[in-house]
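Overview (structure and organization)
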Amino acid sequence: TTGANGGTSPHIQQLTEDMIDLTETISIKAEGRLLRENLVTRVQGILNTEWPKEAKIESFGSYASGLGTDDSDLDLVILPALPEQSQELVAPGRYQDLFILKTLFLRYSMKDVEVISGARVPILKFTDHKTGIKVDINYGQYAGLYNTRLIESYVRIDDRMRNFLYVLKAFVKSRGINSPALGSLSSYCYTLMAISYFQTLLVPVLPCLQDPHLIPHNVPNPGPYGRSTLINVAFTDPSRIRPCIPQNSMTLGELLIGFLEYYGSKFDYTKSCVSIRRGGVISRDRGSRLWTRHAFVVEDPFIPDLNVAGARQNMMNIVRHEFQAAVRALRDGRGLNAILTPKQPY
Ligand code: CTP
Ligand code: MG
């Protein structure tokens, strides 16, 4: 239909316009932002009055990175007022605090309050009684805060990123392949896949912000059994880098089809790992030994040995099948809506 940088056919031009319109429709509006802002303030207020230990609340995830929708959840982290470098921060006792917080939020009429302790990072979940907004709170997980800032920085480098991520998340949500609890991939995982694709294009859209020569910035990270280690969250401020030369001139429509084709058929799942920390893709030989049996590896930008993609082989086949079907629909000119038809999660 079109070469990477060649003239764009009418239906790919239409696709680009539809991607911009969809972003406009689903992106969070001033009202939704205000509701969440007030909710953060209320949660901080509850902690200030009721919590014996001085603690600060910060938001991360899609709301904080400016990539939220009106029905996005609110991801919050509790940061105790201790120096960031202190490893005491996430001692085992802290996890018990989530149970104390549970009774606290119940007293403040929050709905569906529960502690999820099976996950890698234990979280407290509740639904705000005033707005119906779903909230996830974790204790001392700095990584989420910094990976949100990293994603935000990549979005700031190129205007196409924001539109692209909104459309990608809408697509995977409607096709039922964005439910990590049911074995598919998280929004965070799809975001890292997109950044990696943008880094590995022949004419890249994005550089790598994690220069190994940067002065390390170490923060604690909760590990298993309440132990914590230090992780390096240093990355270059995007305002201090020069744009990629030559500049990639692909349209949003071309990038979307390119991305779906890349992970649908081109990416070598048996030999490669996605790693935005190392500039896009690395060979499995350079990855962690822990990943040998994993069907798909997406390396976390900050946490060593962590594979963000928890999907098994049969789920990856489904994901690739969905991507390939979407490529066919878009190439045939069936339009953006054709790939957004709702499907129950797999
Ligand atoms: N996160 C993480 N590790 C994961 C999953 C999530 O560190 N395996 C953190 C990331 O900081 C991410 C945040 O949790 O930005 C929220 O994750 P997720 O809900 O997957 O992404 P959102 O961008 O918030 O997507 P949505 O709009 O669907 O809520
Ligand atoms: Mg979220």
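Residues numbered from 1 in each chain as written. Chains lettered and ligands numbered in written order. Predicted model: local features only at pLDDT ≥ 70, side-chain atom pairs only at ≥ 80, totals over all residues.

Examining the packing of helix 8 (residues 252-266) against helix 9 (residues 313-331)
Each pair of packed helices gets described by two things: the angle between the helix axes and the distance between those axes. Look at helix 8 against helix 9: their axes get within 8 Å of each other, and the N-to-C directions meet at 145 degrees. Where helix 8 crosses over helix 9, the two elements pack in a sense that is left-handed. Contact residues: helix 8 offers Ile257, Leu260, Glu261, Tyr263, Gly264 and Ser265, while helix 9 offers Arg320, Phe323, Gln324, Ala326, Val327, Leu330 and Arg331. The residue inventory of the contact of helix 8 with helix 9, partitioned by class, reads 7 nonpolar, 3 polar and 3 charged. (Axes fitted to C-alpha atoms, helices over the stretch in contact; angles between N-to-C directions. Helix = DSSP H or I, 4+ residues; strand = E, 2+ residues; numbered from the N terminus. Left-handed = near helix turned anticlockwise from the far one by under 90°. Contact = placed C-beta atoms within 7 Å. Nonpolar A, V, L, I, M, F, W, Y, C, P; charged D, E, K, R; others polar.)

Considering the sheet that holds strand 2 (residues 74-80)
Spatially, the 5 strands line up as an open sheet ordered 1-2-5-4-3, and their pairing is mixed. With one partner strand each, in any of the chains shown, strand 1 (55-60) and strand 3 (111-116) form the two edges of the open sheet. For this sheet the average axis-to-axis angle between neighbouring strands, irrespective of direction, equals 20 degrees. Inspection of the sheet shows strand 3 paired to strand 4 (residues 123-127) by 4 bridges, in the antiparallel sense. By the bridge assignment for strand 4, Ile116 is matched with Ile123. Contacts between helix 2 (residues 30-50) and the sheet are confined to strand 1 and strand 2, with strand 1 contributing the most and set at about 160 degrees to the helix. (Pairing = 2+ DSSP bridges.)

Some points on the UniProt feature "domain: PAP-associated" (unreviewed entry) in the chain
Taking the numbering used here, the UniProt-annotated feature "domain: PAP-associated" (unreviewed entry) corresponds to residues 251-305. In the segment residues 251-305, helix accounts for 27% and strand for 15%; the C-alpha atoms at its two ends are 35 Å apart. (UniProt positions renumbered as here; feature names shortened; annotations may be inferred.)

Concerning helix 7 (residues 187-200)
Between its first and last C-alpha, helix 7 extends 20 Å over 14 residues, near the 20 Å set by a 1.5 Å rise per residue. Of all the 14 residues making up helix 7, 11 are buried; the element is thus mostly covered by neighbouring parts of the structure. Within helix 7, burial applies to Cys189, Tyr190, Thr191, Leu192, Met193, Ala194, Ile195, Ser196, Tyr197, Phe198 and Gln199. Lining the buried residues of helix 7 we find helix 5 (142-157), helix 6 (159-174), helix 8, strand 8 (272-275) and strand 9 (280-283). (Expected span 1.5 Å × (residues − 1). Buried ≥ 20, exposed ≤ 12 C-beta atoms within 10 Å, placed from the backbone.)

Examining the environment of Lys125
With respect to the element layout, Lys125 can be found in strand 4. When the C-alpha positions of Lys125 and Thr23 are compared, they lie 28 Å apart, and in sequence the two are 102 residues distant. Sequence-distant contacts of Lys125, defined by excluding residues within four places in its chain, comprise Asp112, Glu114, Ile116, Val135 and Asp136.

So, the site of ligand 1
What surrounds ligand 1 is a group of 17 residues, the closest being Gly61, Ser62, Gly144, Ser187 and Tyr188. Of all the secondary structure elements, the ones that give two or more residues to the shell around ligand 1 are helix 3 (61-64), helix 5 and helix 7. Looking at the shell around ligand 1 element by element, the count peaks at 4 residues for helix 5. By residue class, the composition of the shell around ligand 1 is 5 nonpolar, 9 polar and 3 charged. (Near = placed C-beta within 6 Å.)

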